[in-house]
Amino acid sequence: MKQFTLRGSADLYLGLLLLFISGVMYWYVSDLEIGTVRRMGTGFFPLVLIVILAGFGVILAVRGVLTKSVRVAPITLRPLLIILVSFVAFALLVDRVGLILAIFAQVAVAHFASDETKPAQSLLFGIVLALLSSGVFVGLLNMPVELLP
Amino acid sequence: MMETLGLLGHGLFVVLTPENLLLCLLGAVFGTLIGVLPGLGPVATISLLMPITFSLDPIGAIIMLSGIYYGAQYGGSTTAILVNIPGESTSVVTAIDGYKMAQQGRAGDALAIAAIGSFIAGCFGTLIIAFAGPPLAKVAQQFTSPEYFSLMVFGLVAAVVLANGSLISALAMIFLGLLLGMVGMDVNTGAARMTFGLIELSDGISFVAMALGLFGVAEVICNLEDAATRGLNSSRIGRIWPTRDVLKSARGAIARGTLLGSLFGILPGGGATMASFSSYALEKRVAKDRSRFGRGAIEGVAGPEAANNAAAQTSFIPLLTMGLPTSATMALMIGALTLHGIAPGPNVIVRQPDLFWGLIVSMFVGNVMLVIINLPMIGLWVKLLQIPYRLLFLFIVVISAIGVYSVNNSPFDIYLMIGFGLLGYLLRKFNAEPAPMLMGFVLGPMLEENFRRAMLTSRGDLMIFVERPISLGLLIISVLLIISIALPSVRAGREDVFQE
């Protein structure tokens with residue numbers, strides 16, 4: 001499977017990721033009441049944490065640029081994207097067409113995450129999984145979900 | 001002494017109903033079943049199975065959870081021995097000699113000794129909880145918000161010790177977890193915080209979705225990346241009941257491991273991992289012939305297995321007496337208990353004795369169940385490990401999806417899990433361990449609550465944290481801990497322990 005490697009060190013990317021997250025969170029905290037230490041508002045604690053987290057982001061990013069630390073391990077896009085999409089398929093379908101078809105859909109998508117899977121085996125295993133989970137989750141544990149449309 | 005025994009008797013009375021025994025057995029079987037799957041560590045296993053307990057009453061749920069906990073812990077050792085894939089850091093050392101034994105056709109010996117060692121250590125650890133828990137809880141009952149705040153700071157700092165990456169990224173992960181713990185409704189004002197306008201987030205981020213995404217989904221993706229993982233090499237297990245000779249040579253190791261583990265487990269910060277590594281080092285040191293280690297020495301399995309189980313047991317002490325989780329797994333247990341309306345802490349022991357003593361007894365029962373399902377039924381788990389990963393991963397993704405969905409019967413939690421799966425994957429690639437994040441997440445709300453309360457009582461004076469002796473002591477230890485980890489010499493030593 002095709003791999004690609006990110007340039008630069010792991011620390012740099014971790015730092016950027018943390019800065020991104022703190023930025024997004026700041027956007028949502030900025031309109032909350034901050035208050036003072038004596039009378040802390042809703043936004044006080046989150047804001048403090050965001051500032052600290054961003055601080056770590058800066059430190060890590062700078063360290064990543066200045067020093068030669070560990071590199072980012074090669075990334076293979078196929079299993080990553082396909083596994084995540086397979087969950088989306090399940091989530092989209094389970095309330096609409098029932099558990100059994102949602103499981104089939106997820107297995108059908110996830111099948112392509114690996115080179116080693118074989119269509120006949122995956123199909124058979126999908127059927128086993130559908131029967132098994134219907135029996136255990138709906139039959140035994142009374143999960144409130146439709147099995148079929 | 002007599003009082004404790006009487007209370008234990010009371011616990012027996014609570015637990016030993018056919019229904020509860022069945023729940024414990026089911027928990028242990030399911031825990032082992034999922035825990036034995038390569039690439040699913042205890043955190044993923046427990047979060048996957050937790051939804052099953054939601055429909056039970058609190059006592060039944062706790063009993064089943066403890067079964068799941070033991071099953072999950074022990075399942076990891078089985079995979080470590082049979083396929084050389086340790087489920088989590090605590091069974092890394094078990095794999096060294098255990099897997100060698102399996103290759104030599106002595107897997108039966110290794111598995112049996114691991115089970116027996118775990119059983120002895122588990123029972124001993126439980127006894128310690130029974131005797132040390134109540135007096136410690138009395139001490140903790142005098143804690144007020146400043147003490148609790150400092151205690152949690154200490155717990156989080158200690159959690160850094162268990163992450164074997166860089167200190168800065170581990171600290172960053174804690175703060176990320178704390179911040180994500182703030183998402184949802186503010187308990188004091190009722191205002192929504194960082195919910196991105198989503199109603200589903202007003203109760204906060206579902207920690208089942210978070211734990212499964214970070215530890216389950218991300219792991220599956222990483223396993224699929226390197227195609228050459230897994231596979232059971234030798235299918236010869238050998239006889240399951242060990243000979244007297246094997247038992248004799250493992251005896252000392254089990255005893256030493258148990259003591260070492262019980263001690264380490266009480267300390268916050270990855271007690272179980274440190275315990276198993278130190279036990280391996282200790283066994284190597286006391287052995288007459290050191291060269292056997294790494295080539296299938298039974299002591300190298302017996303010691304660490306006993307140590308990590310004793311520690312897994314005694315790490316319940318800080319949780320039950322002070323509400324302080326010492327590892328990601330314990331953080332998960334807090335989450336599970338909270339969902340059942342139980343706030344772990346000194347009040348559980350005092351006000352809900354049924355629960356506490358019921359839990360103690362179910363720990364004993366869980367340990368017995370573990371031996372039962374692992375010695376005679378080991379063939380079944382071996383069969384399970386022979387299933388190729390190309391099928392197992394389908395099982396894991398489907399079960400994760402259903403498990404997360406079943407918590408609130410909402411697809412939203414699945415999307416959340418997808419997000420955390422991606423985050424967990426990126427963190428792995430960027431060399432940051434997600435375990436401290438989970439601890440921060442669980443402790444975040446409590447940390448804020450206690451900080452705010454302390455600020456109310458002191459009228460905004462931060463000195464309150466250093467004016468109280470217990471709080472000051474905890475903060476000083478935390479600072480010393482950070483300095484000591486940051487110092488180059490200690491850092492080298494810490495890496496040695498993880499590499500050895």
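Note that the coordinates shown come from a computational prediction; the quantities given were computed from them, not determined experimentally.

Chemist: For this particular structure, what's the right way to read the overall build of chain A?
Modeler: The secondary structure content of chain A amounts to five helices and two strands. When the helices and strands of chain A are placed in sequence order, the string is β-α-α-β-α-α-α. Taken over the C-alpha atoms alone, chain A extends approximately 55 × 45 × 20 Å along its principal axes. Scored against the burial criterion, the 149 residues of chain A give a buried share of 38%. Look at the contacts in chain A between residues 6 or more apart in sequence, and 66% of them connect residues 24 or more apart.

Chemist: Just to check I follow, could you spell out the overall build of chain B for this structure?
Modeler: The helix and strand inventory of chain B stands at 23 helices and two strands. The C-alpha radius of gyration of chain B comes to 22 Å, within 12% of the 23 Å expected for a compact globule of 500 residues. A principal-axis box enclosing the C-alpha atoms of chain B has dimensions of 65 × 55 × 50 Å. Put simply, chain B has 500 residues, and 61% of those count as buried. The contacts in chain B between residues at least 6 apart in sequence include a share of 80% that link residues at least 24 apart.

Chemist: Mind showing me how you'd approach the UniProt feature "transmembrane region" (unreviewed entry) in chain A here?
Modeler: All names here are of chain A. Residues given the UniProt feature "transmembrane region" (unreviewed entry) here are residues 12–29, 44–66, 78–103 and 123–143. Helix and strand shares over residues 44–66 are 100% and 0% respectively, and the end C-alpha atoms of the span are 33 Å apart. Helix makes up 86% of residues 123–143 and strand makes up 0%, while its end C-alpha atoms are separated by 24 Å.

Chemist: Looking at this model, I keep getting lost on the UniProt feature "domain: DUF1468" (unreviewed entry) in chain A. Mind explaining?
Modeler: Taking the UniProt record as the reference, the feature "domain: DUF1468" (unreviewed entry) is found at residues 14–144 of chain A. In residues 14–144 of chain A, the share of helix is 72% and the share of strand is 2%. The end C-alpha atoms are 40 Å apart.

Chemist: Got a minute to help me understand unusual backbone geometry in this structure?
Modeler: Glycine aside, residues mostly have negative phi angles, and peptide bonds mostly take the trans form. Residue and element names in this part refer to chain B. In this model, N409 sits at a positive phi of 50°, which is unusual for a non-glycine residue. For N431, which is not glycine, the phi torsion reads 70° and is therefore positive. Relative to the assigned elements, N431 resides in the loop between helix 19 (412–429) and helix 20 (435–458). Judged by the 19 C-beta atoms lying within 10 Å of it, N431 is partly exposed.

Chemist: Help me understand the interface of chain B and chain A, please; the structure alone is not making it clear to me.
Modeler: One frequently used descriptor of interface size is the decrease in accessible area upon assembly of the parts. Opposite the 51 residues of chain B that make contact, chain A presents 59 residues. For the side of chain B that touches chain A, the secondary structure elements donating two or more residues are helix 8 (167–181), helix 9 (207–225), helix 18 (389–408), helix 19 and helix 20 of chain B. Sort the elements by how many residues they give to the side of chain B that touches chain A and helix 18 of chain B lands first, with 10 residues. Of the residues assigned to the side of chain B that touches chain A, the class counts are 36 nonpolar, seven polar and eight charged.

Chemist: Quick question: what am I supposed to make of helix 22 (residues 469–486) of chain B here?
Modeler: Each turn of an α-helix holds 3.6 residues, which means side chains three or four residues apart point in the same direction. Residues and elements named next belong to chain B. With 18 residues, helix 22 should reach 26 Å at 1.5 Å per residue; the first-to-last C-alpha distance of 26 Å fits that figure. Of the positions making up helix 22, those classed as buried are S471, L474 and L475. Taken around the axis of helix 22, the buried residues stretch over an arc of 95°, which confines them to a single face. Opposite the packed face of helix 22, turned more than 90 degrees from it, sit the exposed residues P469, L480 and I483.

Chemist: Mind showing me how you'd approach the environment of B:L385 here?
Modeler: The topology assignment puts B:L385 in helix 17 (residues 378–386). Remark: the alpha-carbon pair of B:L385 and B:T78, spanning 307 residues in sequence, is separated by 9.6 Å.

Chemist: Any chance you could explain the environment of B:G323 here in plain terms?
Modeler: Tracing the backbone through its elements, the reader meets B:G323 in the loop between helix 13 (316–322) and helix 14 (328–339). On a C-alpha basis, the gap between B:G323 and B:A211 in space is 20 Å, while along the polypeptide they are 112 residues apart.

Chemist: Explain the packing of helix 2 (residues 18–35) of chain B against helix 4 (residues 58–83) of chain B here, please?
Modeler: Residues and elements named next belong to chain B. Where helix 2 contacts helix 4, the axes come no closer than 6 Å and their chain directions differ by 30°. Overall, the two elements helix 2 and helix 4 adopt an arrangement that is roughly parallel. When you trace helix 2 past helix 4, the crossing you get is right-handed.

Chemist: Just checking my understanding: could you explain helix 4 (residues 99–110) of chain A for this structure?
Modeler: If you check helix 4 of chain A, its first and last C-alpha atoms are 16 Å apart, about what 12 residues at 1.5 Å a residue would give, namely 16 Å. Looking only at helix 4 of chain A, the buried set comprises A:L99, A:I100, A:A102, A:I103, A:F104, A:Q106, A:V107 and A:A110. As for helix 4 of chain A, its buried residues are in contact with helix 3 (77–97) and helix 5 (119–140) of chain A together with helix 18 of chain B.

Chemist: How do you make sense of the packing of helix 4 of chain B against helix 17 of chain B when you look at a structure like this?
Modeler: A pair of packed helices is characterised by two quantities: the angle between their axes and the separation of those axes. Residues and elements named next belong to chain B. As a packed pair, helix 4 and helix 17 sit with axes 11 Å apart at the nearest point and diverge in direction by 65°. In terms of crossing hand, the pair formed by helix 4 and helix 17 is right-handed. Note on element contacts: helix 17 touches helix 4 through W381, V382 and L385, opposite T78, T79, L82 and V83.

Chemist: Teacher, can you tell me more about the confidence of the model for chain B here?
Modeler: Keep in mind that low pLDDT regions are not for reading the predicted coordinates in detail. Residue and element names in this part refer to chain B. On average, residues of chain B score 81 in pLDDT, and 91% of them reach the 70 mark or higher. Within chain B, helix 19 carries the highest mean pLDDT (93), whereas helix 23 (residues 488–499) carries the lowest (53). Both scores are available for the predicted complex, with the pTM at 0.85 and the ipTM at 0.94.

Chemist: So what exactly am I meant to see when it comes to the environment of B:F277 here?
Modeler: Examined against the element boundaries, B:F277 turns out to sit in helix 11 (residues 271–286). For the pair B:F277 and B:V92, spaced 185 residues apart in the sequence, the C-alpha separation amounts to 8.4 Å.

Cut-offs and rules
- Residues numbered from 1 in each chain as written.
- Chains lettered and ligands numbered in written order.
- Predicted model: local features only at pLDDT ≥ 70, side-chain atom pairs only at ≥ 80, totals over all residues.
- Helix = DSSP H or I, 4+ residues; strand = E, 2+ residues; numbered from the N terminus.
- Buried ≥ 20, exposed ≤ 12 C-beta atoms within 10 Å, placed from the backbone.
- Contact = placed C-beta atoms within 7 Å.
- Rg over C-alpha atoms; globule rule 2.2 N^0.38 Å.
- UniProt positions renumbered as here; feature names shortened; annotations may be inferred.
- Nonpolar A, V, L, I, M, F, W, Y, C, P; charged D, E, K, R; others polar.
- Expected span 1.5 Å × (residues − 1).
- Arc of directions from axis to C-beta.
- Axes fitted to C-alpha atoms, helices over the stretch in contact; angles between N-to-C directions.
- Parallel < 35°, antiparallel > 145°, perpendicular 65-115°, else oblique.
- Left-handed = near helix turned anticlockwise from the far one by under 90°.
- pLDDT = per-residue confidence, 0-100.

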